[in-house]
Amino acid sequence: MDGILVVAKPAGPTSHDVVALVRRLGATRRVGHGGTLDPFATGVLPLFLGRATRIAEYHLGDRKSYRATVCFGATSTTDDLEGELTPLPGPAPTRDTVEAALPAFRGKLVQTPPAFSAIKVAGRRAYALARAGERPELSPRQVEIDRLELVSWNGDDAQRPIAELDIECSAGTYIRALGRDLGAALGNGAYLGALTRTASGPFRLEDAVPLPQIRDAAAAGPAGLRALLHPIDFGLDRFPVVELPESDVPAIARGQLIRPPGPLPDSEDTRYRLADPAGRLIAVAVMRNGRLAPDKVFVDLPEAHGHPALDIEAAAAAELDPPTDVDPDPASPDDV
């Protein structure tokens, strides 16, 4: 079963819990996710099944969109509602002061990740160190906020007002840290009360499938779950399509370089989606010295002319999530 399943993650399960569920429902081990969401967070969680696990890396840099609820008047040990809260004395911000503070958080900025994050410090997860009472030293990172807008304000409790923000940002941005730093800039405390990822690159919340619907589809058999999948190359429109003659397909399947069927820009950074005459995705390739070199191959090579079939399953195995007994909740570069 090969393709991309865009899940509407509910609050509660970890991202790895959702991966494990889809593995069971799809009867396949080859499932990976495209960016961790914290257990309390909801929204878009792209899952890559089968051969699609091989293109997940092309989406790790996708920009993200969020709807975040920021609660003022207290700090949290985890920078969200699941941590221990410490109320802060002093005047809370108003809607006007929050709106005036937002421009400073737009564009490129340096952000220190939360102590309770999945970043590794000396081989251990930062959250494991924090839970053990240690204070992990996390290096600041540069992130970019493309859009940061206040969409609603609840000032019913003047000491604990609540702001709802729309955010578009680079991969690697911690929304918990953004809320924490916004509170500090206003001379007050703040933590994240809720978070929904509304988009991850080309994957949108309106197209995401809730878990009950996924379960119902899987109950109807493999065809039911397969009907929910996007093609492997969905969202890779930036990679031009190159149609190959049928005679070139075996060479690409063997990992050989071929001459392009027509003129193409010779760029070290450009990737191409290679398709057969029927439009089936064969590989993702790059240009090397005027030839197309396969980077990822998505077809098996039938045994012929003394060439054994390529073990695509084995080639992809190294890209699976680690077993749960090694890491129960693996991180990704945009762990929020």
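Caption draft 1: Fine view of the overall build of the protein chain. What the protein chain contains, in helices and strands, is eight helices and 18 strands. For the protein chain, the residues scored as buried account for 50% of the 336 residues in total. Across the protein chain, contacts joining residues at least 24 apart in sequence account for 70% of those joining residues at least 6 apart. Accessible surface computed for the protein chain: about 15400 Å², of which carbon and sulfur atoms make up 51%.

Caption draft 2: Looking closely at the nonpolar core. Core analysis: the biggest nonpolar cluster contains 26 residues, and Leu148, Leu165, Ile167, Ile175 and Leu195 have the highest contact counts within it. The next biggest cluster of nonpolar side chains, apart from the first, holds 17 residues, and it includes Val22, Leu45, Val209 and Ile214.

Caption draft 3: Inspection of the side chain of aspartate 276 at higher detail. Structurally, aspartate 276 is set in the loop between strand S16 (271–275) and strand S17 (281–288). In this structure aspartate 276 comes out as buried when scored by relative accessible area, which is 5%. At a separation of 3.0 Å, a polar atom in the side chain of aspartate 276 contacts the main-chain amide nitrogen of alanine 278. Excluding residues within four positions of it along the chain, aspartate 276 makes contact with Glu243, Leu244, Glu246, Val249 and Ile282.

Caption draft 4: A look at the environment of alanine 27. Inspection of the secondary structure assignment puts alanine 27 in the loop between helix H1 (15–26) and strand S2 (31–33). Judged by its relative accessible area of 72%, alanine 27 falls in the exposed class.

Caption draft 5: Structural context of the packing of aromatic side chains. Overall, the coordinates contain four aromatic pairs when judged by the stated rule. Ring centres of tyrosine 58 and phenylalanine 239 lie 5.3 Å apart, and the angle between their planes is 85°; this geometry places the pair in the edge-to-face category. Here tyrosine 58 is found in the loop between strand S3 (42–49) and strand S4 (64–72), whereas its partner phenylalanine 239 is found in the loop between helix H6 (222–226) and strand S15 (241–243), with 181 residues between them in sequence. Judged on exposure class, the residue tyrosine 58 and its partner phenylalanine 239 are both buried. The interplanar angle of 40° and the centroid separation of 6.2 Å between the aromatic rings of phenylalanine 72 and tryptophan 153 together place this pair among those described as tilted. Taken together, the residues span a long stretch of sequence, with phenylalanine 72 in strand S4 and tryptophan 153 in strand S10 (residues 141–154) at a distance of 81 residues. Tryptophan 153 gets classed as partly exposed once you look at its relative accessible area, which sits at 22%. Ring pairs connect the aromatic residues Phe48, Phe203 and Phe234, which therefore count as one cluster.

Caption draft 6: The arrangement of the pattern of salt bridges in detail. Applying the stated criterion across every chain, the model contains 14 salt bridges. Here aspartate 146 ties to arginine 63 by a salt bridge, and the two come within 2.5 Å at their closest N and O atoms. On the criterion of sequence distance, the pair formed by aspartate 146 in strand S10 and arginine 63 in the loop between S3 and S4 is long-range, its members being 83 residues apart. With relative accessibility at 38%, the residue arginine 63 sits in the partly exposed group.

Caption draft 7: Structural view of the pairing of S17. Where burial is concerned, most of S17 is hidden: seven out of the eight residues are buried. Where S16 lies against S17, five bridges are found, and the strand directions are antiparallel. Looking across to S17, one finds that tyrosine 272 is bridged to alanine 285. Connecting the antiparallel pair S16 and S17 is a turn made up of five residues, with glycine 279 showing a positive phi of about 90°. Here six bridges tie S17 to strand S18 (residues 291–297), and the two strands are oriented antiparallel to one another. If you follow methionine 287 over to S18, its bridge partner there is leucine 292. Here S17 folds back onto S18, and the loop between the two strands holds two residues, one of which, asparagine 289, carries a positive phi near 55°.

Caption draft 8: Main features of helix H5 (residues 211–219). Within H5, burial applies to Leu211, Ile214, Ala217 and Ala218. One side of H5 carries all its buried residues, which in axial view fall inside an arc of 120°. Along H5, exposed side chains directed more than 90 degrees from the buried face belong to Pro212, Asp216 and Ala219. Contacts from the buried residues of H5 go to strand S1 (3–9), H1, strand S14 (209–210) and H6.

Caption draft 9: Highlighting the confidence of the model for the protein chain. In the predicted model, the protein chain carries a mean pLDDT of 84, and 81% of its residues have values of at least 70. Long-range and interchain partners of residues 303–336, a stretch whose pLDDT sits below 50, account for 77 contacts in this model, where long-range means more than four residues apart.

Caption draft 10: How the structure looks around the sheet that holds S17. Read from one edge to the other, the open sheet built from four strands follows the order S15-S16-S17-S18, with strand pairing classed as mixed. The open sheet has two free edges, formed respectively by S15 and S18, since each of these has just one partner strand. Strand-to-strand twist of the sheet, defined as the mean angle between neighbouring strand axes without regard to direction, takes the value 40°. Judged from the three bridges that link them, S15 and S16 form a sheet pairing that is parallel. From the neighbouring strand, glutamate 243 faces S16, where its bridge partner is alanine 275.

What counts, and at which threshold
Residues numbered from 1 in each chain as written. Predicted model: local features only at pLDDT ≥ 70, side-chain atom pairs only at ≥ 80, totals over all residues. Heavy atoms only, no water. Helix = DSSP H or I, 4+ residues; strand = E, 2+ residues; numbered from the N terminus. Buried < 20%, exposed > 50% of the residue type's maximum accessible area, 1.4 Å probe, protein only. Contact = heavy atoms within 4.5 Å. Areas by Shrake-Rupley, 256 points an atom, 1.4 Å probe, with all protein chains shown as cover. Core = buried A, V, L, I, M, F, W, Y, C linked by side-chain atoms within 4.5 Å. Polar contact = N/O pair within 3.5 Å; in protein donor to acceptor, adjacent residues only side chain to side chain. Phe/Tyr/Trp six-rings, centres within 6.5 Å; stacked < 30°, edge-to-face > 60°. Salt bridge = Lys/Arg side-chain N within 4 Å of Asp/Glu carboxyl O. Pairing = 2+ DSSP bridges. Arc of directions from axis to C-beta. pLDDT = per-residue confidence, 0-100. Axes fitted to C-alpha atoms, helices over the stretch in contact; angles between N-to-C directions.

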